[in-house]
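Chain residues, written in single-letter form:
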Amino acid sequence: MRKAQQHAIWGRRGTFILAATGSAVGLGNIWKFPYITGENGGGAFVVMYLLCICLIGLPVLVAEIMLGRRGRASPILAMQRVARESNSSKLWSLIGWSGVLAGFIILSYYSVIAGWTLEYVTTAARGGFEGFDGVAANNTFTALQGDISTLVQWQTAFLCMTALIIMFGVTRGLETAVRILMPLLFCLLVVLLGYAAYAGDFAAGFNFLFKFRFDQLSLEGLSLALGHAFFTLSLSMGAIMAYGSYMPHNQSILKTAATVGVLDTAIALLAGLVIFPIVFANPGVEPGAGPGLMFVSLPIVFGAMPLGEVFGTVFFLLVTLAAWSSTISLLEPAVAYLTERFRFHRVAANLLIIFCAWLLGLTTVFSLNRWQDLSLVAGMTPFDLSTFITEQVLLPLGALATAIYVGWFMKKRPLRRELALDSSRWFVRWLTVLKYVSPMLIAVVFVLGIVDKFAG
Ligand code: PHE
């Protein structure tokens, strides 16, 4: 396929892995994974999540990188090109559209949560967690949820940070950030793990995470595990496809995808291993505490450990930066589309999307306080609805369409050419899973999840 002249290709081989890991590792791993695991009873949920990652997430991750690299354009255009090459319908580019839409909605609420981490950076730096117990930590978190002006201030700050990076170009800033900050985040998590093992109830935390209990399997848990597998690997949002379009040809897609998947899962499990021992050692903190779990459990540690102020500040800062390298990838596909298709100036496209995401994000802010009891559909606040529509509807459907398209409709020649560097045994295994196993599982879990939601 002819390459678009204006489309850049990253010169260094490591850049794709760094950028994709930066996108994948974020609030999903450190904030969301522990809290949904806690709400869904622990071990059984973790098993469902790991199965979803291996049988669905990784195969779709490979497909998405491949589509981006084959199309060499922003997701919507890339899908159009790949479809043309395989003589399939232009409608497949809807995959790109649904991705851009999901990415936009996610950006709106993600920036509100990233705002919480910014607030916690300043609290930690002031030594505000000193002597915290479960009750004090809960009170601080609850107070923040009710403080609309602070929430909006940090949401705005975080969106401005994202806009800045996109304006100055993604590659250089992102590469440095991920190369240095990700390992730092990893090391800090390991330090915290040591502390949690020493001061927390490590055995209880470990058991909670890894002990499988049949009675805890639930449809809702399964549907959440699936949605989260897509969310945490940044799938179905055009993000990975957009980065794939910059990936050089001489790089193995299967190996790259495996690396990203392993790093992402390792960080999520590590975060769980830090948070749950602390939860079980402190009265007043519940595993099922919901979205506040990380913000309630970790301040207790920072308030008690030596040099807690420093560790706390650096930790929340690194989480903010991990979130930042994720939002950059959320914004990139939409910006790339507006500039390619409508010749928008990069800065204008960027500001327009950021502003709209900010407006939509306000509905998330209000869902935490004034609209707490507002039920739009099936008892969901606007924030609940945003997460439901994205993680349980758009992401599974996008991934289903991707798996079906690549497995059944794309011509085998371009497919083989993109995956030529990978051993043919793995190619066949991958294609078989993508063709039969992933779509069936996604379809079943998706339908059951929707039925469960609206019947329940
Ligand atoms: N994967 C990111 C996380 O786990 C979230 C994200 C989703 C980022 C989609 C980009 C695209 O936090």
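Before reading on, note that the structure itself is shown above.
Quick look at the structure, then. Just so it is clear, the model here is predicted, and its values are computed rather than measured.

1. Describing helix H15 (residues 346-367)
With 22 residues, H15 ought to run about 32 Å at 1.5 Å a step, and its terminal C-alpha atoms sit 32 Å apart, in line with that. For H15, the complete set of buried residues consists of Ala349, Asn350, Ile353, Ile354, Ala357, Gly361, Leu362, Thr364, Val365, Phe366 and Ser367. Considering only its buried residues, H15 is in contact with helix H5 (94-125), helix H7 (148-167), helix H14 (308-342) and helix H16 (382-409).

2. Describing the pattern of salt bridges
Summed over all chains, the structure comprises 5 salt bridges. A salt bridge links Glu391 to Lys32, with the nearest nitrogen and oxygen atoms 2.8 Å apart. With Glu391 in helix H16 and Lys32 in helix H2 (residues 27-39), this pair connects stretches of sequence that are 359 residues apart. We note a salt bridge from Arg346 to Glu332, for which the minimum N-O separation is 3.0 Å. Of this pair, Arg346 sits in helix H15 while Glu332 sits in helix H14, and the two are 14 residues apart along the sequence. When salt bridges with common partners are traced through the structure, they connect Arg69, Arg70, Glu85 and Glu418 into a single cluster.

3. A few points about the site of the ligand
Around the ligand sit 15 residues, and of these Ala24, Gly28, Tyr110, Phe231 and Ser234 come closest. Between the ligand and Ser23 there is a distance of 3.2 Å, counted from a nitrogen atom to a backbone nitrogen or oxygen. Between Leu27 and the ligand, the recorded distance is 3.1 Å, taken from a backbone N or O atom to an oxygen atom. Here the ligand loses 100% of its free accessible area of 320 Å² to cover by the protein chains. Every element with two or more residues in the shell around the ligand is listed here: helix H1 (14-24), H2, helix H10 (219-232) and H14. For the shell around the ligand, a count of residues per class yields 7 nonpolar, 8 polar and no charged.

Definitions and limits used
- Residues numbered from 1 in each chain as written.
- Predicted model: local features only at pLDDT ≥ 70, side-chain atom pairs only at ≥ 80, totals over all residues.
- Heavy atoms only, no water.
- Helix = DSSP H or I, 4+ residues; strand = E, 2+ residues; numbered from the N terminus.
- Expected span 1.5 Å × (residues − 1).
- Buried < 20%, exposed > 50% of the residue type's maximum accessible area, 1.4 Å probe, protein only.
- Contact = heavy atoms within 4.5 Å.
- Salt bridge = Lys/Arg side-chain N within 4 Å of Asp/Glu carboxyl O.
- Near = heavy atom within 4 Å.
- Polar contact = N/O pair within 3.5 Å; in protein donor to acceptor, adjacent residues only side chain to side chain.
- Areas by Shrake-Rupley, 256 points an atom, 1.4 Å probe, with all protein chains shown as cover.
- Nonpolar A, V, L, I, M, F, W, Y, C, P; charged D, E, K, R; others polar.

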